[in-house]
Amino acid sequence: MANLATISLILTISCLLAFTPDVYARKQGSVVEEDTSYFHEICSGNEKVLRLRFYVQDLGTAHPNTTVYEVATASITSTSPTSFGSIKVIDDKITEAPEDDSRELGRIQGVNTKSDLSVVGITISLNVVFTTGKFNGSTISIIGRNQFALAERELPVAGGSGVFRFARGYAIQTTHSMAPNVVVLEYNIYTTYNAKFVEPRDVEIAEM
Ligand SMILES: *[C@@H]1O[C@H](CO)[C@@H](O)[C@H](O)[C@H]1NC(C)=O
Ligand SMILES: *[C@@H]1O[C@H](CO)[C@@H](O)[C@H](O)[C@H]1NC(C)=O
């Protein structure tokens, strides 16, 4: 797993390269309006990398308080060994520790689509929604492929809002525990964020 120093170096390099596409775009006459203010912000050191760890309480469809609902299936789903075509909408609680009664940090909301005919592979489109602490109101958007049988699933961070505006990074999802109707997932997210709005020392749920 890449360490934070490596990621920071990559960020610095991408900073140096950030203006290059503009030059090509200008040559092609395709720039409608340039706004490089955010690049200045990134290059002036406000963009930093953060590691976030939290847990997700996934209460399955048979749980009395389920947070997962299947909204669609395909003609093949019931006979497919990989439940191909099943689409589920989720709104799982995010907690600070693995225990269900530990502090709630927010929700993870979105759509899981079983989209692999051979193995259980899920196309995910999820938003991490923080409802407390320094990130309250900010979101991180995660998309990608989740092959659940793997010990570690790497999921791309595709963007975000609030302090995570322009975010990029990745999440490592592992299964912390599995009980009947309750799966507890651990997420370690490595993402950029804008330190102008929140200092690392203020971030209770972060580890640098
Ligand atoms: C479901 O939620 C209710 C109300 O919060 C709670 O009393 C009950 O214990 C929950 N059921 C389970 C199985 O967790
Ligand atoms: C989070 O933000 C919302 C909307 O601004 C606010 O109503 C709520 O009180 C905040 N929660 C905490 C725990 O700060």
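So, here is what we can say about the structure in this document. (Residues numbered from 1 in each chain as written. Chains lettered and ligands numbered in written order. Predicted model: local features only at pLDDT ≥ 70, side-chain atom pairs only at ≥ 80, totals over all residues. Heavy atoms only, no water.)

So, the nonpolar core
Okay, so step 1: Ranked by internal contacts, the top residues of the largest apolar core, which has 29 residues, are Phe 54, Val 128, Ile 142, Phe 164, Tyr 187 and Ile 189.
Okay, so step 2: Of all the secondary-structure elements, those providing two or more residues to this core are β1 (47–59), β3 (87–95), β4 (104–114), β5 (121–130), β6 (139–147), β7 (153–161) and β9 (182–194).
Okay, so step 3: Apart from residues no more than four positions distant in its own chain, Phe 54 is found in contact with Ile 94, Thr 95, Leu 105, Val 128, Phe 130, Leu 185, Glu 186, Tyr 187 and Ile 189. (Core = buried A, V, L, I, M, F, W, Y, C linked by side-chain atoms within 4.5 Å. Buried < 20%, exposed > 50% of the residue type's maximum accessible area, 1.4 Å probe, protein only. Helix = DSSP H or I, 4+ residues; strand = E, 2+ residues; numbered from the N terminus. Contact = heavy atoms within 4.5 Å.)

Some words on the site of ligand 2
Okay, so step 1: Close to ligand 2 lie Thr 131, Thr 132 and Asn 136.
Okay, so step 2: In this structure, an oxygen atom belonging to ligand 2 sits 2.4 Å away from a side-chain N or O atom of Asn 136.
Okay, so step 3: Protein burial of ligand 2: of its 360 Å² of free accessible surface, 24% is covered by the chains. (Near = heavy atom within 4 Å. Polar contact = N/O pair within 3.5 Å; in protein donor to acceptor, adjacent residues only side chain to side chain. Areas by Shrake-Rupley, 256 points an atom, 1.4 Å probe, with all protein chains shown as cover.)

Some details on the side chain of Thr 174
Okay, so step 1: With respect to the helices, strands and loops of the structure, Thr 174 is situated in strand β8 (residues 169–179).
Okay, so step 2: A relative accessible area of 19% places Thr 174 in the buried class.
Okay, so step 3: Look past the residues within four positions of Thr 174 in its chain and what remains in contact with it is Ala 151, Glu 152, Arg 153, Val 184, Leu 185 and Glu 186.

With respect to the packing of aromatic side chains
Okay, so step 1: One pass over the full model with this rule turns up six aromatic pairs.
Okay, so step 2: An angle of 20 degrees between the planes, with centres 5.1 Å apart, marks the rings of Tyr 170 and Tyr 190 as stacked. In this pair, Tyr 170 sits in strand β8 while Tyr 190 sits in strand β9, placing the two residues 20 residues apart along the sequence.
Okay, so step 3: Residue class for Tyr 170 comes out buried when judged on its relative accessible area of 16%.
Okay, so step 4: The buried category is assigned to Tyr 190, whose relative accessible area is 9%.
Okay, so step 5: Ring-pair connections join several aromatic residues into one group, and the members of that group are Phe 54, Phe 130, Phe 135, Phe 164 and Tyr 187.
Okay, so step 6: Residue placement shows Arg 153 over the ring face of Phe 148; its charged tip is 4.4 Å from the ring centre. (Phe/Tyr/Trp six-rings, centres within 6.5 Å; stacked < 30°, edge-to-face > 60°. Lys NZ or Arg CZ within 6 Å of the ring centre and 35° of its normal.)

Some words on the environment of Leu 185
Okay, so step 1: Along the chain, Leu 185 turns up in strand β9.
Okay, so step 2: C-alpha separation for the pair Leu 185 and Val 56, spaced 129 residues apart in sequence, amounts to 5.0 Å.

Thoughts on the site of ligand 1
Okay, so step 1: Around ligand 1 sit His 63, Pro 64 and Asn 65, and those are all the residues in its vicinity.
Okay, so step 2: Contact distances for ligand 1 include 2.2 Å between an oxygen atom and a side-chain N or O atom of Asn 65.
Okay, so step 3: Calculation on ligand 1 without its partners gives an accessible area of 360 Å², and the protein chains cover 25% of this total.

Observations regarding unusual backbone geometry
Okay, so step 1: The phi dihedral of Ser 83 falls on the positive side, at around 55 degrees, and the residue is not glycine.
Okay, so step 2: Relative to the helices and strands, Ser 83 is located in the loop between β2 (68–72) and β3.
Okay, so step 3: What makes Ser 83 partly exposed here is its relative accessible area of 28%.

Brief notes about the pairing of β4
Okay, so step 1: The pairing of β3 with β4 spans nine bridges and is antiparallel. Within the sheet, the bridge partner assigned to Ile 94 lies in β4 and is Gly 106.
Okay, so step 2: The pairing of β4 with β5 spans nine bridges and is antiparallel. Note on β5: the bridge partner recorded for Gly 106 is Phe 130.
Okay, so step 3: Here β4 folds back onto β5 in antiparallel fashion, the turn holding six residues. (Pairing = 2+ DSSP bridges.)

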